[in-house]
Amino acid sequence: KDPIGVFGSDGVHWGSMQVPYQALLPKKAGHLLAAGRCIGAPDAIDHFRLICPCFVTGQAAGVA
């Protein structure tokens, strides 16, 4: 719905994934953006802890 970036696939287990802007917004902290390995994505945490998604979320948070 609100993608801020897309990162690639590993070719076998999953395809490309979109990172939603909502993943950068902590639930209990206002006026703050989370990026890198601390974003909220419990269903895909193994994928979001990789380097490429960290670059994507860091760039998006910096631009925002």
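Residues numbered from 1 in each chain as written. Predicted model: local features only at pLDDT ≥ 70, side-chain atom pairs only at ≥ 80, totals over all residues. Heavy atoms only, no water.

A. Main features of the environment of tyrosine 21. Topologically, tyrosine 21 is positioned in the loop between strand 2 (17-20) and helix 1 (45-48). With 19 residues separating them in the primary sequence, tyrosine 21 and aspartate 2 have C-alpha atoms 5.7 Å apart. (Helix = DSSP H or I, 4+ residues; strand = E, 2+ residues; numbered from the N terminus.)

B. Region of interest: the environment of leucine 33. Note on placement: leucine 33 falls in the loop between strand 2 and helix 1. Spatially, the C-alpha atoms of leucine 33 and tyrosine 21 are 9.5 Å apart, while their sequence positions differ by twelve residues. Ignoring sequence-local partners within four residues, the contact set of leucine 33 consists of Tyr21, Leu24, Leu25, Pro26, Ala61 and Ala64. (Contact = heavy atoms within 4.5 Å.)

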